[in-house]
Amino acid sequence: MSGTRKRPPKAVIEKDFDDAIDRLEKKKPKDPLLKRLAAEGRLQINFSTVAKEAKHSRTLIAHAKCQYQSQRVRVLQLMRPGEVAAPRTASEVISRLREDVADLKSKLHAALSGQAAHFLARQRAEREAERWRKEAQRRENLLKERDKLHMVNQDSE
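Note that this is a predicted model, so its numbers are computed, not measured.

Definitions and limits used
- Residues numbered from 1 in each chain as written.
- Predicted model: local features only at pLDDT ≥ 70, side-chain atom pairs only at ≥ 80, totals over all residues.
- Heavy atoms only, no water.
- Helix = DSSP H or I, 4+ residues; strand = E, 2+ residues; numbered from the N terminus.
- Rg over C-alpha atoms; globule rule 2.2 N^0.38 Å.
- Buried < 20%, exposed > 50% of the residue type's maximum accessible area, 1.4 Å probe, protein only.
- Contact = heavy atoms within 4.5 Å.
- Areas by Shrake-Rupley, 256 points an atom, 1.4 Å probe, with all protein chains shown as cover.
- Lys, Arg positive; Asp, Glu negative; His and termini not counted.
- Charge placed at Lys NZ, Arg CZ, Asp CG, Glu CD.
- pLDDT = per-residue confidence, 0-100.
- Phe/Tyr/Trp six-rings, centres within 6.5 Å; stacked < 30°, edge-to-face > 60°.
- Lys NZ or Arg CZ within 6 Å of the ring centre and 35° of its normal.

**Details of the overall build of the protein**
The secondary structure content of the protein amounts to six helices and zero strands. The order of helices and strands in the protein, counted from the N terminus, is α-α-α-α-α-α. Computed over the C-alpha atoms, the radius of gyration of the protein is 38 Å, more than 25% above the 15 Å expected from 2.2 N^0.38 for a compact globule of 157 residues. For the protein, the spread of C-alpha atoms along the three principal axes comes to 140 × 35 × 30 Å. Every one of the 157 residues in the protein was classed for burial, and the buried ones make up 18%. Taking the intrachain contacts of the protein between residues at least 6 apart in sequence as the baseline, contacts between residues at least 24 apart amount to 51%. Carbon and sulfur atoms make up 56% of the accessible area of the protein, which totals about 12,800 Å². Of the charged side chains in the protein, 36 are positive and 23 negative, and the gap between their average positions amounts to 12 Å.

**Overview of unusual backbone geometry**
Phi at K27 is positive, roughly 60°, even though this residue is not glycine. Structurally, K27 is set in the loop between α1 (10–25) and α2 (32–40). A residue is classified by how much of its surface remains accessible, and K27, at 47% relative accessible area, is partly exposed. In the Ramachandran plot, K55 falls in the positive-phi region, its phi being about 60° despite a non-glycine side chain. Take K55: it is sitting in the loop between α3 (47–54) and α4 (59–62).

**Some remarks on the confidence of the model for the protein**
On average, residues of the protein score 88 in pLDDT, and 92% of them are at 70 or above. Taking the mean pLDDT of every element in the protein, the minimum, 87, falls on helix α5 (residues 69–79) and the maximum, 94, on α3.

**Things to note about the packing of aromatic side chains**
What the rule picks out here adds up to one aromatic pair. Summarising the aromatic geometry, the rings of F17 and Y68 are spaced 5.9 Å apart at their centres and angled 50° between planes, so their arrangement reads as tilted. Of this pair, F17 sits in helix α1 while Y68 is found in the loop between α4 and α5, placing the two residues 51 residues apart along the sequence. Owing to a relative accessible area of 0%, F17 belongs among the buried residues under this scheme. Accessibility expressed as a relative area gives 2% for Y68, which makes it buried. Above the ring of Y68, the side-chain terminus of K10 is found at 5.5 Å from the ring centroid. Just above the ring of W132 sits the side chain of R131; from NZ or CZ to the centre is 5.2 Å.

**Some words on the environment of R122**
Structurally, the position occupied by R122 is in helix α6 (residues 90–156). With a relative accessible area of 56%, R122 lands in the exposed category. In the structure, R122 is positioned 47 residues away from V75 in sequence and 55 Å away in space, judged by C-alpha atoms.

Listed below in structure tokens is the structure:
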């Protein structure tokens, strides 16, 4: 016997990957480590877990020019990159909380800056309105004085 192992046919490997993806979708893996992760609620579908469940190399589905594109596409659809995984350690919790605090501080700073800008604009507008009000009152008084003078001049004539 030679020391090399024969690779299973492509159809068998495709079926192994498809079956592994189906089991992982149902949260019913056969691999002991993946079973434990599923029980803890931490099982994620990604190239590594699919390959581990299928008992084949991750490189068969993980890179862009892999041999099993249809399985790769299925895994990519199931990975949901937008989901945030629950932190596993205290240091992860602390780092996420620090990120949240930094984000909230920057949002607060932006809100306070906007609020200050609106406040200053309102003060300027109020001063301008008061100036216009005084000017209107001054003109009204001038018109009244002019009308009085005009009436006095008419009476004296």
